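# An overview of the molecular structure
Below, each chain spelled out in residue letters.
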Amino acid sequence: RGDWVALVKVEFDFVCDEHTACRCYEDKCAHTKGVYNTHEGTLKETCESLCMEDVECNGIEYNELDQKCETHVDFLTDRKDNEDTLCCEKKMSFNSLPIDFKYACGSQSCNETADNGTLSFNAAALTVGATYEAHLLSKTGFDIKAKTKPFFVAGDGL
């Protein structure tokens, strides 16, 4: 009891393997090249931005010579040698300190287990353009019992 919900900022970065093409094996994809959207005539930075803006995107394959970008929405489980491309996985990290937190059932001493409800935080603590998750944490704060999908703050609503 005494579980709490923390709002944490999610940050993304790309980890790239040069001279490789992205592949999806291990029966996780319908096709070994994976599921992706193609963007022609793009710079690598634009390709990365397209992926960052899409919460479903797990990484990119980029060919600098052709300026061809693939934003992948599947699991990037493997690589294939390819001199002209690089495969970059979008990796998630969390800000080490919660931005805000609340007790799931209203107070630290309650004996109820929260299993549904509405959660609201002060939007003044959020940054436009950033991505966040809400985590339901155990009373010790070390175990994530549940979490939301990452959500993106698009504007300040003014």
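Scroll up to find the structure.
Residues numbered from 1 in each chain as written. Predicted model: local features only at pLDDT ≥ 70, side-chain atom pairs only at ≥ 80, totals over all residues. Heavy atoms only, no water.

### Re the pattern of salt bridges
- The final tally for this structure, using the stated rule, is 6 salt bridges.
- One salt bridge in this structure joins Lys-91 and Glu-89, with 3.8 Å as the shortest N-O distance. (Salt bridge = Lys/Arg side-chain N within 4 Å of Asp/Glu carboxyl O.)

### Concerning helix H1 (residues 44-52)
- Every buried residue of H1 is accounted for by Cys-47, Glu-48 and Cys-51. With its buried residues spanning 95 degrees around the axis, H1 presents them on a single face. (Buried < 20%, exposed > 50% of the residue type's maximum accessible area, 1.4 Å probe, protein only. Helix = DSSP H or I, 4+ residues; strand = E, 2+ residues; numbered from the N terminus. Arc of directions from axis to C-beta.)

### Here we look at the state of the cysteines
- Counted by the stated rule, this structure contains 4 disulfides.
- Two residues share a disulfide in this structure: Cys-22 and Cys-87, whose sulfurs sit 2.1 Å from each other. Taking the torsion about the sulfur-sulfur bond, which here is approximately 115 degrees, the covalent link between Cys-22 and Cys-87 counts as right-handed. A residue pair is termed long-range when its members are at least 10 positions apart, and Cys-22 in strand S1 (residues 4-23) and Cys-87 in strand S5 (residues 78-94) qualify at 65 residues.
- Overall, Cys-22 belongs to the buried group, its relative accessible area being 0%.
- With a sulfur-sulfur separation of 2.1 Å, Cys-51 is cross-linked through a disulfide to Cys-57. Between Cys-51 and Cys-57, the disulfide has an S-S torsion of -100 degrees and is therefore left-handed. Cys-57 carries the same exposure label as Cys-51, and that label is buried. (Disulfide = S-S within 2.5 Å.)

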